[in-house]
Amino acid sequence: ADVAFDYFLREEDLGKGLAACAAQRVQEMNPLCSVTSSDAAPPAIGDESALKEQLSGCDLVVCSMGALGFDVALARAVDKMCREVCSSFIL
């Protein structure tokens, strides 16, 4: 990760998971909310029940195309499922 250009990362985060580090920084900015992260890969396209289970209970899902393997169809599936479970989605 390039900590010089990533707002949520610091030098001490090198070698650590991006999601956990970013979640920690967001939590620091918003101490009154609960922030969690996951490094779990999204299920394969078509496995809607697994995707629904993974996203249920989330108020906001923040994801990068890199985390989705730059798969536009998968990004659309995640967006669609977020809408179905009433979660906001930021790509």
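First, a word on what this report is: a plain description of the structure on this page. Please read these numbers as outputs of a predicted model, since none were measured by experiment. Throughout, residues of each chain are indexed from 1 in the direction in which the sequence is written. Only residues with pLDDT of 70 or above have their local features reported here, since the model is predicted, and side-chain atom pairs are shown and tallied only from 80 upward, although totals for entire chains, interfaces and linings are computed over all residues. As a rule here, side-chain values cover all heavy atoms of the structure and leave hydrogens and water aside.

**So, the environment of S88**
- Mapped onto the elements of the fold, S88 is located in strand β2 (residues 88–90).
- A sequence separation of 35 residues divides S88 from E53, and the C-alpha atoms of the two residues are 15 Å apart.
- When near neighbours in sequence (up to four residues on either side) are disregarded, S88 contacts D59, L60, V61 and C82. Secondary structure elements are taken from DSSP: a helix is a run of H or I of four residues or more, a strand is a run of E of two residues or more, and numbering for both begins at the N terminus. Two residues qualify as a contact provided that any one of their heavy atoms is within 4.5 Å of a heavy atom in the partner residue.

**Topic: the layout of surface pockets**
- In this analysis the probe radius is 1.4 Å and the grid spacing 1 Å, with only protein atoms considered; a cavity is a set of points the probe fits into but cannot get out of, a pocket is an open set with protein on both sides within 12 Å along at least five of seven lines, and lining residues have an atom within 4 Å of a point. Grid points are joined across faces, edges and corners, and a volume is the space filled by probe spheres set on the points. Taken as a whole, the largest pocket encloses approximately 1,300 Å³ of empty space.
- Forming the walls of the largest pocket are 34 residues, and the residues nearest its centre are A19, S37, S38, V62 and C63.
- Those elements that place two or more of their residues in the lining of the largest pocket are α1 (18–29), α2 (48–55) and β1 (60–62).
- Here the lining of the largest pocket takes five residues from α1, the largest share from any one element.
- Taken together, the residues that form the lining of the largest pocket break down as 24 nonpolar, seven polar and three charged. Under the scheme applied, nonpolar residues are Ala, Val, Leu, Ile, Met, Phe, Trp, Tyr, Cys and Pro; charged residues are Asp, Glu, Lys and Arg; polar residues are all the others, including Gly.

**Some remarks on the environment of E12**
- Topologically, E12 is positioned in the segment before α1.
- The class for E12 is partly exposed, based on a relative accessible area of 48%.
- Taking C-alpha positions, E12 is 18 Å from M29, a pair spaced 17 residues apart along the chain. In this scheme, a residue with accessible area under 20% of its type's maximum is buried, one over 50% is exposed, and one in between is partly exposed, where area comes from a 1.4 Å probe on protein chains only.

Spatial relationships are all this shows, so hold off on functional conclusions.
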